[in-house]
Amino acid sequence: MRAAFTIVHRWGGLFIAVFLFIAGVTGAVISWDHELDEWLNPHLFDAKATGTPLSPHELVRRVEAADPRIRVTYFPLSFEEGHNADLFVEPRVNPETGALHAVDYNQVFIDPVSGEIAGRRFWGAISLKSEDILPFLYKLHYSMHIPDFWGIDRWGLWFMGIVGIVWMFDCFVGFYLTLPRRAGPGTGDPDERAPASAGAMAVMARRTWWQRWKPAWTIKRGAGSYRRNLDLHRAVGLWLWAALFILAFTSISMNLTNEVVRPILSRISSLTPDAFDDRAPAPLNKPIEPKLTFPQAIEIAGAEARRRGWEEPAGSAYYGLLYGLYSVNFFHPGDDHGSGDMGVKMLFLDGTTGALEGGRVPWEGTAADIFMQLQFPLHSGRIAGVPGRVFLSFMGLVVALLSATGIVIWLKKRAGRIGRRVAARQPAGVPVNPAAR
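Okay, so let's go over this structure. (Residues numbered from 1 in each chain as written. Predicted model: local features only at pLDDT ≥ 70, side-chain atom pairs only at ≥ 80, totals over all residues. Heavy atoms only, no water.)

**Regarding the overall build of the protein**
In terms of helices and strands, the protein carries 16 helices and eight strands. Within the protein, the fraction of its 437 residues that count as buried is 42%. For the protein, contacts bridging at least 24 residues in sequence account for 61% of all contacts bridging at least 6. (Helix = DSSP H or I, 4+ residues; strand = E, 2+ residues; numbered from the N terminus. Buried < 20%, exposed > 50% of the residue type's maximum accessible area, 1.4 Å probe, protein only. Contact = heavy atoms within 4.5 Å.)

Laid out in structure tokens, this is it:
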């Protein structure tokens, strides 16, 4: 059994190692994506004009008037003092071709006081320019920038979801392999076991189970490079096993929400219907045109929020073109990017009828609802505020370390296996040619 698990750990780990190394390094950085983005791109984020800001709807009008090929789908309803407003846009359908206009940006930064456009960029573009680097790393983290094809835009999410599944199961396999064998020293890996004398076997037999497992939790001082790599890989993985498991599990939950997690949860607990998750999206070139305007949707949602006794102001509005749904979000300024959405209340409205289609309220709903709400705050560390983000940056580096040490261990063992096979093929008394290795 142990030998089989060793093979599973080896090849499962090799399959995910490179992708986890990239995800770990990028995760350590994007824990601070908002702050780093502002620091790198003050020309996009810092407002120049001072005074009374224009209305959000006037800013939307100016952005759309500047380029008739696009429409604004998301914009803030309040502004941070000294900061530009950032709006997200999507291309309109070209009536001459029936396809979407070719637009090379999806985010616009506009001065809320002067109404002047400060800059544009394509969020998630493959680019290392200062304007693009943080969105590039963010998208690389969860999708590896795997392109869309066959009319499907979720290949990257699905692939990294599969990586997460392998990672989660490999967490258990790796843990099992650290447990001491019932007889004799070693970890069960055929490449590590060595013949033990009868005396050594007797000493091992007298040790308690914990005494035999304890070395797996430690890093031997003064060891060679291979042993140091092995100890780092094993001991760090043990001490931080719970955090690694949470990262693996939440990556599955976020990348395969509708494909895996919600169907499983619905069999265990009741999930409150969610308009965006439960509606099938329209084709990309056939967006659902709303009959309800943004101001009308915001007014209806505001009245419903007051009826419910919500104290938070309307903070942003979004229209999902492929779902025909408005989302009006209620939060205090700054809570939209500082709390992992756990401080954001949402109301959904049908873009055609204006009918209320439910919403999301942090910490409310069934056990399954709250479980789903927790996935991003747990994965990002934002559930614990700044200390949580610091810890998740550290964990990103840990994931990269485990991936790198795992590859080093495999390369060393592979060289040893090749050397033994070469030696076995040599006639007796003939030295092994090192070049053959």
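**Focus: unusual backbone geometry**
Look at Met144: it is not a glycine, yet its phi comes out positive at around 55 degrees. Tracing the backbone through its elements, the reader meets Met144 in the loop between α5 (133–143) and α6 (155–178). Residue Met144 is classed as buried on the basis of its relative accessible area, which comes to 13%. Although it is not a glycine, His145 sits at a positive phi angle of roughly 55 degrees.

**With respect to the side chain of Gln107**
Looking at the element boundaries, Gln107 is found in strand β3 (residues 107–110). You can call Gln107 buried: its relative accessible area is 3%. Of note is the side chain of Gln107, whose polar atom sits 3.3 Å from the side chain of Asp86. A polar side-chain atom of Gln107 sits 2.8 Å from a polar atom in the side chain of Arg121. Once you skip the residues sitting within four places of it in the chain, Gln107 turns out to touch Asp86, Leu87, Phe88, Val89, Gly119, Arg120, Arg121 and Trp123. (Polar contact = N/O pair within 3.5 Å; in protein donor to acceptor, adjacent residues only side chain to side chain.)

**As for the pairing of strand β2 (residues 85–91)**
Both strand β1 (residues 70–76) and β2 contribute to a ladder of four bridges, which runs antiparallel. If you follow Val72 over to β2, its bridge partner there is Val89. Bridge analysis of β2 against β3 gives four bridges, and the strand direction is antiparallel. Counted as the bridge partner of Leu87 is Val108 from β3. (Pairing = 2+ DSSP bridges.)

**A short note on the packing of aromatic side chains**
Taken as a whole and assessed by the stated rule, the structure comprises 33 aromatic pairs. Between Trp150 and Trp155, the aromatic rings sit 5.8 Å apart at their centres with planes inclined by 75 degrees, giving edge-to-face as the arrangement. For Trp150, a relative accessible area of 74% corresponds to the exposed category. Here the aromatic cluster, defined as three or more aromatic residues joined through ring pairs, consists of Phe172, Phe175, Trp209, Trp210, Trp213, Trp217, Trp239, Trp241, Phe245, Phe249 and Phe371. Here the basic side chain of Arg2 rests over the ring of Tyr176, its NZ or CZ set 5.3 Å away from the ring centre. Taking the ring centre of Tyr105 as reference, the NZ or CZ of Arg120 above it sits at 5.2 Å. (Phe/Tyr/Trp six-rings, centres within 6.5 Å; stacked < 30°, edge-to-face > 60°. Lys NZ or Arg CZ within 6 Å of the ring centre and 35° of its normal.)

**So, the nonpolar core**
In this structure, Trp167, Leu244, Met395 and Val398 are the most contacted members of the largest nonpolar core, which totals 33 residues. Mapped onto this core, the elements with two or more residues apiece are α1 (2–30), α5, α6, α10 (241–255), α11 (257–268), α15 (367–380) and α16 (385–425). Each residue touching Trp167, except ones within four places of it in the same chain, is listed here: Ile16, Leu20, Leu244, Leu247, Ala248 and Val399. (Core = buried A, V, L, I, M, F, W, Y, C linked by side-chain atoms within 4.5 Å.)

**Quick word on the pattern of salt bridges**
For the coordinates displayed, the defined rule picks out 19 salt bridges. Two residues, Arg262 and Asp278, come together in a salt bridge whose shortest N-O distance is 3.5 Å. One end of the pair, Arg262, is in helix α11; the other, Asp278, is in helix α12 (residues 275–278), with 16 residues separating them in the sequence. Several salt bridges converge on common partners, so that one network encompasses Glu58, Arg61 and Arg62. (Salt bridge = Lys/Arg side-chain N within 4 Å of Asp/Glu carboxyl O.)

**Structural notes on the sheet that holds β3**
Pairing between sheet strands relies on hydrogen bonds along the backbone, with the strands arranged either parallel or antiparallel. Read across the open sheet, the eight strands follow the order β4-β3-β2-β1-β5-β6-β7-β8; overall the sheet is antiparallel. At either margin of the open sheet sits one strand with a lone partner, and together these are β4 (117–121) and β8 (356–360). Direction aside, the axes of adjacent strands within the sheet are offset by 25 degrees on average. Across six bridges, strand β6 (residues 325–330) lies against strand β7 (residues 345–350) in antiparallel orientation. Residue pairing across strands places Asn329 opposite Met346, the latter belonging to β7. (Axes fitted to C-alpha atoms, helices over the stretch in contact; angles between N-to-C directions.)

**Observations concerning a nonpolar patch on the surface**
On the surface, a cluster of nonpolar side chains totalling about 350 Å² of accessible area is made up of Ile246, Trp363, Leu378 and Ile383. Mapped onto the elements, Ile383 comes out in the loop between α15 and α16. (Patch = residues over 30% accessible without salt bridge, like charges linked within 9 Å, V, L, I, M, F, W, Y side chains within 5 Å. Areas by Shrake-Rupley, 256 points an atom, 1.4 Å probe, with all protein chains shown as cover.)

**Observations concerning the packing of α1 against α16**
One way to put it is that α1 packs onto α16 with a least axis distance of 7 Å and a crossing angle of 150 degrees. With respect to α16, the element α1 is oriented roughly antiparallel. Both α1 and α16 take part in a crossing whose hand is left-handed. Where α1 abuts α16, its residues Arg10, Trp11, Leu14, Ala17, Val18, Leu20, Phe21, Gly24, Val25 and Ala28 lie against Ser393, Gly396, Leu397, Val399, Ala400, Ser403, Ala404, Ile407, Trp410 and Arg417. Classifying every residue of the contact of α1 with α16 gives 14 nonpolar, four polar and two charged. (Parallel < 35°, antiparallel > 145°, perpendicular 65-115°, else oblique. Left-handed = near helix turned anticlockwise from the far one by under 90°. Nonpolar A, V, L, I, M, F, W, Y, C, P; charged D, E, K, R; others polar.)

**Examining the packing of α5 against α6**
Look at α5 against α6: their axes get within 7 Å of each other, and the N-to-C directions meet at 55 degrees. By the angle between their directions, the pair α5 and α6 is classed as oblique. Taken together, the residues of α6 that come into contact with α5 (itself represented by His141, Tyr142 and Ser143) are Gly156, Leu157 and Met160. Each residue belonging to the contact of α5 with α6 can be placed in one class, and the counts come to three nonpolar, three polar and no charged.

**Structural notes on the pairing of β4**
It is a general feature of regular strands that their side chains alternate between the two faces of the sheet. Taken together, the four bridges between β3 and β4 define a ladder with antiparallel strand orientation. Among the inter-strand pairings, Phe109 is bridged to a residue of β4, identified as Gly119. In textbook terms, the turn of a hairpin is the stretch between consecutive antiparallel strands, and for β3 and β4 this stretch comprises six residues, one of which, Gly115, has a positive phi near 80 degrees.

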